[in-house]
Amino acid sequence: MARAAAFVSVLAAAWAVSPASATPSLIVDARTGEVISAEDATRPWNPASTTKMMTAYVALKAVQQGRIGWETPIPVSRLAAAQRPSKLGVRPGTEITLENAMRVMLVKSANDLAVVIGEGVGGSLPNFVNLMNAEAARLGMHESHFMTPHGWHQPGQRTSARDLAILARALFNEFPEHRDLWSTGAVQVGNRIMKNTNGLIGRYPGAEGMKTGFVCASGFNLVGLASRGGRTLIAVVLGAGSGAERSIKTAQLLDQGFGSWSSGGQTLASLPSSGYDSAPDMRNDICRGRRGVALSDDVDSDGPLTIAQENMRNTDNYNPVMEGIRGSGPQGRGIGSVASRGASGRVTLGPRAEFVPVQITLGRTAGSATAPIAANASGARPTPTMIARGKPEPTAIAARGKAKPAA
């Protein structure tokens, strides 16, 4: 009987930490670092395109140190142009300034521009990735190890909800002059208008960023930043089952945080280790047999986002204060009612506000002539050319291969 009880305990423990049931999340005050709530916050996880937050951080540090400038033109290498979607589709030899590359990378989650930035700042991808990991170690991101500047899945690449919150705090507090990078609703390059992959932007009052991420191995990740009533909070949700689910769960976390004032002094540094040293692979749970689910990080309609009630965040101290989320069931009508508890209820995050896109140009700008030289620039640089409008270039199509989920 003792053996049977022990076996049941082992099974129960295995079930409790299975990838399907793991949904790491965290809410933290961006200024004080006080943790309001945390669930599996130190469990290693595949970062996907939340990696681009570290790419941006390393680039901003380089600007701060004068090693590269906002208007530095960076040449696009063949390696950068050959990256998998999601991407802008710039041609090899094109130049783009660091500022424009950063803005499109963070709004569109463009993998090619992440490599452009990496090579322009670090000179080569291996050198840039070393810089990423050095900064992660300096910031105390103990669960993080980066292998690319964009987050396309590679075994061994990992982060955690806690580490992403540390990184988000560093970006928010160290670079206040660049906060508009995270909250840009849309960018326009030529005739193409690309809207922010972050579903909170334009939907959640006070939303200011920061970054989404998706590959099959990670599920749908979101680091959300929002300000209200003099407070700024960071919410992290990892491993959600869809883009709508990650947006709504993050909004619920933010509501919970704005409705709470203390967690007993718990900080990001005091969160206990999970005991895991590798990230789970969510492919079977997220991508296998998921017909009708948009398996991409850069697809978001302007309409409402809705999830079933059973996918709602379940927390005893939940305190809704936001008007933009409402339950659509019989108990969910009226301002401020976030979640319907009825059997047929659904949770809805309202439609997006209209965006005036930021105009992005390829090539040099007025200040490029006096800006520092990109680390990967050598010799005479080619005349800038505009991105192809309409169908992608044949070389870009060949590099893509079969359509796959975006990082």
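Here the structure is shown first, and the text comes after it.
If you're wondering where the values come from, they're calculated on a predicted model, not measured in any experiment.

**A look at the overall build of the chain**
Consideration 1: Within the chain, the secondary structure is distributed over eleven helices and 13 strands.
Consideration 2: Across the 407 residues that make up the chain, the buried fraction comes to 56%.
Consideration 3: Within the chain, residue pairs in contact and separated by at least 24 positions form 71% of the contacts whose partners lie at least 6 positions apart.
Consideration 4: Entry remark: accessible area of the chain is about 16,800 Å², with carbon and sulfur atoms responsible for 53%.

**Details of the state of the cysteines**
Consideration 1: This model, assessed by the stated rule, comprises one disulfide.
Consideration 2: The residue that forms a disulfide with Cys 216 is Cys 287, at a sulfur-sulfur distance of 2.0 Å. Across the S-S bond of Cys 216 and Cys 287 the torsion is about -95°, and the bridge reads as left-handed. Of this pair, Cys 216 sits in the loop between β7 (207-215) and β8 (219-228) while Cys 287 sits in the loop between α10 (283-286) and β10 (305-308), and the two are 71 residues apart along the sequence. One exposure class covers both Cys 216 and Cys 287, and it is buried.

**Observations concerning the environment of Asn 284**
Consideration 1: Note on placement: Asn 284 falls in helix α10.
Consideration 2: Taking the relative accessible area as the measure of exposure, Asn 284 reaches 49% and is therefore partly exposed.
Consideration 3: With 68 residues separating them in the primary sequence, Asn 284 and Cys 216 have C-alpha atoms 8.2 Å apart.

**What about the packing of aromatic side chains?**
Any two aromatic rings considered together are summarised by their centre-to-centre distance and by the angle between their planes.
Consideration 1: Under the defined criterion, the tally for this structure stands at two aromatic pairs.
Consideration 2: Ring centres 5.6 Å apart and planes at 75° place the aromatic pair Tyr 57 and Phe 175 in the edge-to-face group. Of this pair, Tyr 57 sits in helix α2 (residues 51-64) while Phe 175 sits in the loop between α7 (161-174) and α8 (180-183); the two residues are 118 residues apart in sequence, bridging distant segments of the chain. Residue Tyr 57 shares its accessibility class with Phe 175, and that shared class is buried.
Consideration 3: Ring centres of Phe 214 and Phe 220 lie 4.1 Å apart, and the angle between their planes is 20°; this geometry places the pair in the stacked category.
Consideration 4: According to the relative accessible area criterion, Phe 214 is buried, its value standing at 0%.
Consideration 5: Judged by its relative accessible area of 1%, Phe 220 falls in the buried class.
Consideration 6: Sitting over the face of the ring of Tyr 276, Arg 43 holds its NZ or CZ atom 4.4 Å from the ring centroid.

**Comments concerning the pairing of strand β2 (residues 35-39)**
Consideration 1: Two strands pair when backbone bridges link them, and strand β1 (residues 25-29) and β2 are joined in this way by four bridges, in the antiparallel orientation. Counterpart to Leu 26 in the pairing with β2 is Ala 38.
Consideration 2: Hairpin connection from β1 to β2: five residues lie between these consecutive antiparallel strands, with Gly 33 at a positive phi of about 80°.

Calculation criteria
- Residues numbered from 1 in each chain as written.
- Predicted model: local features only at pLDDT ≥ 70, side-chain atom pairs only at ≥ 80, totals over all residues.
- Heavy atoms only, no water.
- Helix = DSSP H or I, 4+ residues; strand = E, 2+ residues; numbered from the N terminus.
- Buried < 20%, exposed > 50% of the residue type's maximum accessible area, 1.4 Å probe, protein only.
- Contact = heavy atoms within 4.5 Å.
- Areas by Shrake-Rupley, 256 points an atom, 1.4 Å probe, with all protein chains shown as cover.
- Disulfide = S-S within 2.5 Å.
- Phe/Tyr/Trp six-rings, centres within 6.5 Å; stacked < 30°, edge-to-face > 60°.
- Lys NZ or Arg CZ within 6 Å of the ring centre and 35° of its normal.
- Pairing = 2+ DSSP bridges.

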